[in-house]
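# An overview of the molecular structure
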Amino acid sequence: MRHSRLCVIACLVMALSSPLWSQKGEGYSDLMTPQVRSGQLAAPEHFRSYVVDGKLRLSLRDAIVLTLENNSQVQIQETQVESSKFTLLGAHAPFDPVVTSTDNITSTISPPFTVLQGTGSSTVNYKNTTKNLVFGYSQTFETGTNVQSAFTSSINSSNNSFYLFNPYTSSTLQFQATQPLLKNGWFFANRAPLIIARRNLQESRAAFAAEVNNNILQAVGQYWAVVQARGNLDVARASMDAAETTYKRDKRALELGALPPLDIYRSESQVASRRVEVIQSEYALKQAEDTLRLTIGADQDPYFQALDIELTEKPEPEGELRTIDAGSALQAALTKRPEFDVARAALAIDETRIRLAHNHLLPELDLQATYSSNGLGGSTGINGTGQPISSSWLTQMFGFGYPTYEAQLSLTLPVKNRAAKAELGGALVSRRSDLYSERQVREQVALDVSNAVHQLEQAKLTIVAGKEALDLAQKTMAAEQRKYDLGSSTIFLVLEAQTEMAAAQQNLLQAEVGYQLAIAALNHATGELLEPYHVQIADLTR
């Protein structure tokens with residue numbers, strides 16, 4: 001019994017000290033992060049550092065960082081990466097060592113039916129008690145080699161007088177190794193699930209990067225939508241103030257008799273219509289801000305949701321307007337777009353599955369070798385000097401004087417093997433589909449780059465034209481106001497000039513915001529969207 005416990009401890013030490021076990025144990029602790037363990041969602045992070053004078057003051061980079069940290073859609077996409085990590089951990093399961101133990105006792109009482117049972121009388125029942133102890137250890141390695149070791153001990157006692165030892169202990173220490181030579185043999189066939197799981201993790205990370213790029217492009221668009229909505233509100237308020245100033249002047253002129261009574265309605269109607277534009281612009285701004293709050297996660301906390309948003313970025317381009325040719329942009333996209341990493345990982349998985357399917361078409365040819373050492377012992381009585389006569393099963397078993405050798409070569413030939421054929425056919429079809437997907441990605445990326453370059457060129461020309469239009473509108477406004485003051489123009493022309501100048505201001509604002517969006521779209525098309533903000537996708541996945 002003492003030796004049995006030692007065998008159990010030895011098997012456990014072998015299992016826990018194996019490199020594969022240690023690697024998996026460390027991986028498991030690394031994967032089970034507090035975020036994964038928790039059944040509750042954490043509060044939105046880092047918002048307090050952006051609160052200034054009771055407002056949520058954000059640059060474009062701040063909005064992007066908050067989106068990456070708190071946006072629910074980004075977090076959902078990140079869980080796909082976490083799931084792939086645990087799938088990779090599970091792919092190590094076939095190589096996990098296994099320790100088993102069995103302890104049972106059987107006691108039998110039966111009437112004798114032969115003199116060989118040695119009870120000495122037909123009226124004496126035959127009694128037999130057997131206690132079996134089995135401890136085993138098994139492990140499969142990446143070569144396909146399966147190693148098993150087992151210690152078996154049986155303690156038997158009965159009232160049979162013919163037993164040489166009574167009670168007697170029979171024990172066996174056995175070692176067995178099985179090596180597949182064809183199907184499921186050697187490194188590739190056994191590493192293939194690990195390779196596929198690792199590439200699935202790479203694919204999920206690349207897919208996450210692509211989705212994050214899309215989310216960030218959306219966040220950039222919403223940021224500039226708030227800037228544009230606020231600019232439109234400022235223009236609408238300025239236009240309403242100009243209309244009110246004109247109305248007050250006309251009202252004073254009416255009181256002095258210098259203006260016909262019917263002419264006052266025109267300026268008064270302009271004040272009313274421009275007040276409507278202000279109201280519409282205010283609610284458009286509220287909607288844009290609510291959308292931005294949702295994107296950055298400010299709506300997850302009532303305190304931050306109630307804060308006003310102050311955006312620090314200005315729509316006016318700084319420095320020279322950016323210029324890039326389609327060829328350079330496309331070359332950058334082919335290198336940096338994560339969609340290509342997704343496609344390459346999918347094709348690599350297909351190739352692995354095809355090779356594995358070819359392996360499964362092979363016949364099974366397994367080589368097995370077994371070695372065991374046996375021991376038998378017990379007590380036979382007392383000799384003439386009063387010393388016990390016994391035999392030690394422990395000495396015999398570890399003396400290896402009673403060995404058993406066995407070698408076996410087994411061959412299994414599949415007649416049709418339809419499952420393996422279907423597996424191969426499915427892998428080939430999947431590769432063909434992924435080849436088309438890769439070509440489709442290449443075509444879509446080329447189109448995205450082309451559209452982004454054209455959008456940038458259009459935005460640059462629109463800014464130049466918008467500045468010229470605003471300059472002319474301001475000059476026209478000043479001229480009409482001057483002529484009206486001198487009595488050579490009408491209030492209609494003055495109000496029309498005010499409307500045209502407000503429209504020109506809004507058009508220029510839209511052109512400037514359009515330029516910022518075109519820059520973001522170009523960076524997204526070339527896979528460089530996060531680079532200007534010094535944010536890395538790798539930092540997002542734990």
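Small disclaimer: the values here were computed from a predicted structure and weren't measured.

### Overview of the overall build of the chain
Of the regular secondary structure elements, the chain holds 13 helices and 10 strands. Counting the 542 residues in the chain, one finds 40% classified as buried. Taking the contacts inside the chain whose residues are at least 6 apart along the sequence as the reference set, 78% of them involve residues at least 24 apart.

### Looking at the sheet that holds strand 2 (residues 55-58)
Read from one edge to the other, the open sheet built from 3 strands follows the order 1-2-7, with strand pairing classed as mixed. Two strands in the sheet have a free side with no partner beyond their single neighbour: strand 1 (51-52) and strand 7 (308-311). Each of strand 2 and strand 7 is contacted by helix 7 (residues 264-296), which is oriented at about 85° to strand 7, the strand it contacts most.

### Describing a nonpolar patch on the surface
A contiguous nonpolar patch, built from L394, F398 and F400 and spanning about 250 Å² of accessible area, is present on the exposed surface. Relative to the helices and strands, F398 is located in helix 11 (residues 393-399).

### As for the pairing of strand 4 (residues 126-140)
Summarising the sheet, strand 3 (residues 98-110) and strand 4 pair through 13 bridges and their orientation is antiparallel. From the neighbouring strand, S101 faces strand 4, where its bridge partner is F135. Bridge count for strand 4 against strand 5 (residues 146-158) is 13 bridges, and the pairing is antiparallel. Bridging across to strand 5, G136 finds its partner in A150.

### A few points about the side chain of T526
Examined against the element boundaries, T526 turns out to sit in the segment after helix 13 (491-525). Relative accessible area serves as the criterion here: at 1%, T526 is assigned to the buried category. For T526, the side chain forms a polar contact with the main-chain oxygen of N523, separated by 3.3 Å. When residues no more than four places from it in sequence are discounted, the contact partners of T526 are A329, A332, A333, K336 and R337.

### Structural notes on unusual backbone geometry
One non-glycine residue, W186, lies in positive phi territory at about 70°. Assignment of secondary structure puts W186 in helix 6 (residues 186-255). Residue classification places W186 among the partly exposed positions, given a relative accessible area of 44%. Despite not being glycine, F400 shows a phi value in the positive range, around 55°. Following the sequence through the fold, F400 ends up in the loop between helix 11 and strand 10 (403-412). By relative accessible area, F400 is classed as partly exposed at 39%.

### Regarding the packing of helix 7 against helix 13
Each pair of packed helices gets described by two things: the angle between the helix axes and the distance between those axes. At a closest axis distance of 10 Å, the pairing of helix 7 and helix 13 adopts a crossing angle of 20°. Taken together, the axes of helix 7 and helix 13 are roughly parallel relative to one another. Handedness of the crossing formed by helix 7 with helix 13: right-handed. Across the interface between the two elements, R266, S267, Q270 and R274 from helix 7 touch I491, F492, L495, Q498 and T499 from helix 13. Grouping the constituent residues of the contact of helix 7 with helix 13 by class yields 3 nonpolar, 4 polar and 2 charged.

### Looking at helix 4 (residues 60-70)
Helical geometry: 3.6 residues make up each α-helical turn, so side chains three or four residues apart lie on a common side. Of all the 11 residues making up helix 4, 9 are buried; the element is thus mostly covered by neighbouring parts of the structure. Within the sequence span of helix 4, burial applies to L60, D62, A63, I64, V65, L66, T67, L68 and N70.

### Structural notes on the pairing of strand 2
Looking along a regular strand, one sees side chains alternate from face to face of the sheet. Here strand 2 shows a clear split, with L56 and L58 buried on one side and none of K55 and R57 buried on the other. With antiparallel pairing between neighbouring strands as the criterion, strand 1 and strand 2 make up a hairpin whose turn holds 2 residues, including D53 at a positive phi of roughly 55°. With 4 bridges connecting them, strand 2 and strand 7 associate as parallel partners. Pairing of R57 across the sheet is with E310, part of strand 7.

### Here we look at the packing of aromatic side chains
Under the definition given, this model contains 7 aromatic pairs. Taken together, a centroid distance of 6.4 Å and an interplanar angle of 15° make the contact between F135 and F151 stacked. Of this pair, F135 sits in strand 4 while F151 sits in strand 5; the two residues are 16 residues apart in sequence, bridging distant segments of the chain. Residue class for F135 comes out buried when judged on its relative accessible area of 14%. Judged by centre distance (6.4 Å) and plane angle (35°), the rings of Y371 and F400 are tilted. Within this pair, whereas Y371 is found in strand 8 (residues 364-382), its partner F400 is found in the loop between helix 11 and strand 10, the two being separated by 29 residues in sequence. An aromatic cluster is defined as three or more aromatic residues linked by ring pairs; in this entry it consists of Y371, F398, F400 and Y405. The ring of F188 has R355 lying over it, and the distance from NZ or CZ to the ring centre is 3.7 Å.

About the thresholds
- Residues numbered from 1 in each chain as written.
- Predicted model: local features only at pLDDT ≥ 70, side-chain atom pairs only at ≥ 80, totals over all residues.
- Heavy atoms only, no water.
- Helix = DSSP H or I, 4+ residues; strand = E, 2+ residues; numbered from the N terminus.
- Buried < 20%, exposed > 50% of the residue type's maximum accessible area, 1.4 Å probe, protein only.
- Contact = heavy atoms within 4.5 Å.
- Pairing = 2+ DSSP bridges.
- Axes fitted to C-alpha atoms, helices over the stretch in contact; angles between N-to-C directions.
- Patch = residues over 30% accessible without salt bridge, like charges linked within 9 Å, V, L, I, M, F, W, Y side chains within 5 Å.
- Areas by Shrake-Rupley, 256 points an atom, 1.4 Å probe, with all protein chains shown as cover.
- Salt bridge = Lys/Arg side-chain N within 4 Å of Asp/Glu carboxyl O.
- Polar contact = N/O pair within 3.5 Å; in protein donor to acceptor, adjacent residues only side chain to side chain.
- Parallel < 35°, antiparallel > 145°, perpendicular 65-115°, else oblique.
- Left-handed = near helix turned anticlockwise from the far one by under 90°.
- Nonpolar A, V, L, I, M, F, W, Y, C, P; charged D, E, K, R; others polar.
- Phe/Tyr/Trp six-rings, centres within 6.5 Å; stacked < 30°, edge-to-face > 60°.
- Lys NZ or Arg CZ within 6 Å of the ring centre and 35° of its normal.

These results come straight from atomic positions and should not be treated as a statement about function.
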